[in-house]
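Observations on the model geometry
Chain by chain, the residues:
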Amino acid sequence: MELLLPDTGLFIFQVVAFMLLLFLLGKFAWKPILSGLKEREETIESALLSAEQAKKDMEALNADNAKLLAEARSERDAMLKEAMAAANKIKEEAKEETSKITSKMMEDAKAGIEVEKKAAMAEIKTMVAALSLDITEKVLRKQLGDDKAQKALVDEYVNDLNLN
């Protein structure tokens with residue numbers, strides 16, 4: 001039985017040593033360990049709060065980015081529409097200008113043709129008159145080549161004058 005029951009002196013010594021150990025640990029070890037654990041807990045909690053805040057900030061940034069992207073797309077679409085409208089306007093102005101230039105060129109060509117036509121007609125009339133005079137002169141020379149024919153013509157003109 002002695003083996004089962006410890007010696008009283010040993011028991012008291014172990015209790016005193018345990019109490020001394022608890023006192024020393026409580027005085028020197030537990031406070032720094034607990035304060036270190038508390039600091040660690042606060043650090044982890046602040047890191048979690050920071051992470052949560054960062055997550056909210058990222059969501060806000062993503063929302064802002066999406067909004068800016070949508071605005072940029074709408075501005076791009078508006079600019080494309082304006083550019084297309086300007087291009088169409090320039091194209092229409094060019095067509096109108098081309099049409100005006102073409103009309104003016106055609107009018108100038110028609111006026112030039114008319115002037116050329118009148119000049120040609122005047123030249124033809126002059127040529128016809130000259131040819132007529134040449135033909136008349138040749139005919140008269142042929143018909144009035146002898147003196148008898150000339151006298152007959154003069155008599156005829158004189159008779160016509162007397163009648164008038």
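Look a little higher up for the structure.
Residues numbered from 1 in each chain as written. Predicted model: local features only at pLDDT ≥ 70, side-chain atom pairs only at ≥ 80, totals over all residues. Heavy atoms only, no water.

**Describing the overall build of the protein chain**
Along the backbone of the protein chain there are two helices and zero strands. Computed over its C-alpha atoms, the radius of gyration of the protein chain comes to 66 Å, more than 25% above the 15 Å expected for a compact globule of 164 residues. In terms of principal-axis extent, the alpha carbons of the protein chain reach across some 200 × 30 × 25 Å. A total of 164 residues make up the protein chain; the buried ones form 0% of that total. When the accessible surface of the protein chain is summed, it comes to about 15,500 Å², and 65% of that surface belongs to carbon and sulfur atoms. Across the protein chain, the centroid of the 24 positively charged side chains sits 4 Å from that of the 30 negatively charged ones. (Helix = DSSP H or I, 4+ residues; strand = E, 2+ residues; numbered from the N terminus. Rg over C-alpha atoms; globule rule 2.2 N^0.38 Å. Buried < 20%, exposed > 50% of the residue type's maximum accessible area, 1.4 Å probe, protein only. Areas by Shrake-Rupley, 256 points an atom, 1.4 Å probe, with all protein chains shown as cover. Lys, Arg positive; Asp, Glu negative; His and termini not counted. Charge placed at Lys NZ, Arg CZ, Asp CG, Glu CD.)

**Points about the environment of Glu-52**
For Glu-52, the position within the fold is in helix α1 (residues 8-143). Considered as a pair, Glu-52 and Val-16 are 36 residues apart in the sequence and their alpha carbons are 50 Å apart.

**So, α1**
The first and last C-alpha atoms of α1 sit 190 Å apart over 136 residues, in line with the 202 Å expected at 1.5 Å per residue. The sharpest bend along α1 comes to roughly 50°, located at Gly-26. (Expected span 1.5 Å × (residues − 1). Bend = angle between axes of the 7 residues up to and from the residue.)

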